[in-house]
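The chain contents come next:
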Amino acid sequence: MDAIAIENAFQEKIDKDLNIEPKDQMPEKYRLHLIRQISQHAHSEVIGMQPEGNWITRAPSLRSKQILLAKIQDEGGHGLYLYSAAETLGISREEMIEQLHSGKAKYSNIFNYPSLNWADIGAIGWLVDGAAIVNQVSLQRTSYGPYARAMVRICKEESFHQRQGYEIMANMMKGTNEQKAMAQDAMNRWWWPSLMMFGPHDSDSPNSGNAFKWKIKRQSNDVLRQRFIDKTVQQAEVIGLSIPDKDLKWNEEKQCYDHGEINWEEFNQVINGNGPCNKQRMAHHIKYHNEGAWVREAAAAYQKHINELN
Amino acid sequence: MTKQEALYQYLLQLGDNALIQSHRLSEWCSKGPILEEDLALTNIALDYIGRAQNLLHYAGEVEGKGQSADQLAYRRPEHQYYNNLIAEMPKGDFAFTIAKQLLISTYELLLYTELCHSKDETLAGIAGKAIKEVRYHWTHSRDWCYRLGKGTVLSNELLQQAVNDLWMYTGEQFEMGAEEELMLKEVIGCDNKALQNKWLEMVETVLSDSNIKIPTATYNQSGGRKGIHTENMGHILSEMQYLQRAYPEAIW
């Protein structure tokens, strides 16, 4: 089949809402788009372990330490499924990590913000994972089979993470004045970056055209962001947290919240490397990846030795 | 010392070993040599936190003064922690963590096998759960000893160095304090001394199968049972207890 015939057959499948599987023929651009998106998603899970890991040794109770460790372990596990899903498209994990280190591959901007007090652990679970779920629920119907199936598994765990994050915030809002102040401080710092997680406004979103046509993406950035805002504002009110947006108000006519303008200047700065933790996150990943090289080499040498014996 | 006081002390020792080892393992989060090992080490840390929680909760009940597991874990002064010094050794490199886990898990394998038959039903129950986890921890560290010991020249050297550096902290595991003698008499606790030969045999087997030599140095450092720690302990506690100490009124 020539390229055009392949593309037509492929699009026909997509239009019938059939999943694309690893052995199916697919346009090169579709494959590359997915590698970019899935590896970015995998890297986000892995880099996200850093701001949360920052509080493990200071978690204030045995239960909270257990929950936090289990959660971070889940995130690492998500990284593993996603790396495997991307590997079905003909790229190795090692190559993806190289692309991360060279800056070719990105990870979610949100993890370039620091986790500064214990309530940040609550805010990350509630807001960051909450925003991620909205996006990932939509991705459960994405056209590439391995990615869609990874999302189904991941969504189950993320909704648990979101609940535990909200529980931390709710408990702190029931606590001492100092705890309430920590919770509000975390809210103030994480709210806007969480809204930015959905990406630019639809009118400014450079990768959306083909993503919709190929049904990689099912719903637009603005639609998903609105869904997140509407559910989260109510949750904040229940526990007495205020949303740091003076323009936020209920729009009776549209039956949703209007919100203030997002600081896209900050968004672009952070995407381009100028966020509070960009350099730190990458340096950490590179340092420990390099420090582990001798372990990976030893494991490979040992395996080779065993294979030779058998 | 009454039987109740001895049991309380005994449970604190067991609980503190789990608590401090979990703390060190949790330091690996996002720092593992491969993602799979990041997950494996934090998984072991999780097992230890669960065990610490069970043991310290029970210690609080036995003491009968209303102290919760968290109060015991987070509010004691340093000299009232009774873990073996080996637990508080810094995480070091991957070889150090693996060697440390092998030396500890081998001991725990023998210890918790015995404690499954404790006359104290609660302790026997905790041991029954722990032993399943310990078997996995032991296998994990044994398999990595093989890989590191027989992998490359460098990995063999690093593992050998780790074993050498840790050796002086292994003997403490087999000491018997007054509370342990009493627990042994009551068929609640275990005879640590009786485990030492079997421990040495098991460790020697794994290490010689990994091309690692058993250190010949005989000096042993101890102090954990008396609450006399290494300089590491204060730093562990200053992190671990930070929020509990800084905001004593807060409930988390």
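As the structure is a prediction and not an experimental result, all values here were calculated from the model.

A separate point is the packing of helix α6 (residues 121–150) of chain B against helix α9 (residues 192–209) of chain B. Between two packed helices, the angle of one axis relative to the other and the distance separating the axes together describe the packing. One way to put it is that α6 of chain B packs onto α9 of chain B with a least axis distance of 8 Å and a crossing angle of 35°. Contacts between α6 of chain B and α9 of chain B involve W138, R142, C145, Y146 and K150 of chain B on the former and, on the latter, M202, V206, L207 and D209 of chain B.

Okay, unusual backbone geometry next. All names here are of chain A. Positive phi, normally seen in glycine, also occurs at D17, with a value near 65°. If you trace the backbone, D17 turns up in the loop between α1 (3–15) and α2 (28–47). Residue K215 is not a glycine yet carries a positive backbone phi of 55°.

The next point concerns the confidence of the model for chain B. It should be kept in mind that the predicted coordinates are not to be read in detail where pLDDT is low. Residues with a pLDDT of 70 or more make up 100% of chain B, whose mean pLDDT is 97. Here the prediction assigns the complex a pTM of 0.95, and the interface score ipTM is 0.96.

What follows deals with the pattern of salt bridges. All names here are of chain A. Inspection of every chain in the model, using the stated rule, returns 25 salt bridges over all chains. Among the salt bridges present, the one from D247 reaches K246, with a minimum N-O distance of 3.7 Å. The class of D247 is partly exposed, set by a relative accessible area of 39%. Given a relative accessible area of 77%, K246 falls into the exposed group. Two residues, K304 and E308, come together in a salt bridge whose shortest N-O distance is 3.8 Å. With K304 and E308 both in helix α13 (residues 293–309), this residue pair falls 4 residues apart, about one helical turn. Judged on exposure class, the residue K304 and its partner E308 are both exposed. Linked by salt bridges that have partners in common, E52, K71, E75 and D129 make up one network.

In this section: the layout of surface pockets. Size it by volume and the second largest pocket reaches roughly 340 Å³. Together, 19 residues line the second largest pocket, and I97, H285 and H289 of chain A together with I34 and L35 of chain B are the ones closest to its centre. Those elements that provide at least two residues to the lining of the second largest pocket are α3 (49–53), α5 (93–102) and α12 (278–291) of chain A together with α2 (35–63) of chain B. It is α12 of chain A that provides the largest number of residues to the lining of the second largest pocket, a total of 4 residues. Its residues assigned to classes, the lining of the second largest pocket comprises 8 nonpolar, 6 polar and 5 charged.

Frequently, the measure chosen for interface size is the accessible area removed from exposure when the parts meet. Counting residues at the interface gives 49 residues for chain B and 42 residues for chain A. Summed over both partners, the interface of chain B with chain A comes to about 4000 Å²; 71% of that surface belongs to carbon and sulfur atoms. On the surface where chain B and chain A come into contact, there are 1 salt bridge. Between E36 of chain B and R93 of chain A there is a salt bridge, with its nearest N and O atoms 2.5 Å apart. When residues of the side of chain B that touches chain A are traced back to their parent elements, those giving at least two are α1 (3–26), α2, α3 (69–74), α5 (94–115), α6, α7 (153–166), α10 (232–240) and α11 (242–246) of chain B. Counting residues per element, the side of chain B that touches chain A draws most heavily on α2 of chain B, at 11 residues. For the side of chain B that touches chain A, the residue count by class is 26 nonpolar, 13 polar and 10 charged.

This paragraph deals with the environment of S102 of chain A. Residue and element names in this part refer to chain A. Take S102: it is sitting in helix α5. Counting along the chain gives 180 residues from S102 to M282, while the straight-line C-alpha distance between them is 9.7 Å. Side-chain polar atoms of S102 contact the backbone oxygen of Q99, separated by 3.2 Å.

On to the packing of α2 of chain B against α5 of chain B. Residues and elements named next belong to chain B. Taken N-terminus to C-terminus, the directions of α2 and α5 make an angle of 40°; their axes are 13 Å apart at the nearest point. In terms of orientation, α2 lies oblique with respect to α5. Regarding α2 and α5, the two cross each other, and that crossing is left-handed. Across from E37, L41, I44, Y48, R51 and L55 in α2, the residues of α5 making contact are F94, T97, Q101, I104, S105, E108 and Y112.

What follows covers the packing of aromatic side chains. Enumeration according to the criterion identifies 16 aromatic pairs over all chains in this entry. Between F198 of chain A and F228 of chain A, the ring centres sit 5.6 Å apart and the planes meet at 45°, which makes this aromatic pair tilted. Here the residue F198 of chain A occupies a position in the loop between α8 (177–196) and α9 (208–213), and F228 of chain A occupies one in helix α10 (residues 221–239), the gap between them amounting to 30 residues. According to the relative accessible area criterion, F228 of chain A is buried, its value standing at 0%. Seen from their ring centres, Y107 of chain B and F174 of chain B are 5.5 Å apart, and the 90° between their planes marks the pair as edge-to-face. Here F174 of chain B lies in the loop between α7 and α8 (178–185) and Y107 of chain B lies in helix α5, a separation of 67 residues in the sequence. Relative accessible area serves as the criterion here: at 7%, Y107 of chain B is assigned to the buried category. Grouping aromatic residues by their ring pairs yields a cluster made of Y107, W167, F174 and W199 of chain B.

Quick notes on the rules
Residues numbered from 1 in each chain as written. Chains lettered and ligands numbered in written order. Predicted model: local features only at pLDDT ≥ 70, side-chain atom pairs only at ≥ 80, totals over all residues. Heavy atoms only, no water. Axes fitted to C-alpha atoms, helices over the stretch in contact; angles between N-to-C directions. Helix = DSSP H or I, 4+ residues; strand = E, 2+ residues; numbered from the N terminus. Contact = heavy atoms within 4.5 Å. pLDDT = per-residue confidence, 0-100. Salt bridge = Lys/Arg side-chain N within 4 Å of Asp/Glu carboxyl O. Buried < 20%, exposed > 50% of the residue type's maximum accessible area, 1.4 Å probe, protein only. 1 Å grid on protein atoms, 1.4 Å probe; cavity = no way out; pocket = protein on both sides within 12 Å on 5 of 7 lines; lining within 4 Å. Points joined across faces, edges and corners; volume = space filled by probe spheres on them. Nonpolar A, V, L, I, M, F, W, Y, C, P; charged D, E, K, R; others polar. Buried area = accessible area lost by both parts, 1.4 Å probe. Polar contact = N/O pair within 3.5 Å; in protein donor to acceptor, adjacent residues only side chain to side chain. Parallel < 35°, antiparallel > 145°, perpendicular 65-115°, else oblique. Left-handed = near helix turned anticlockwise from the far one by under 90°. Phe/Tyr/Trp six-rings, centres within 6.5 Å; stacked < 30°, edge-to-face > 60°.

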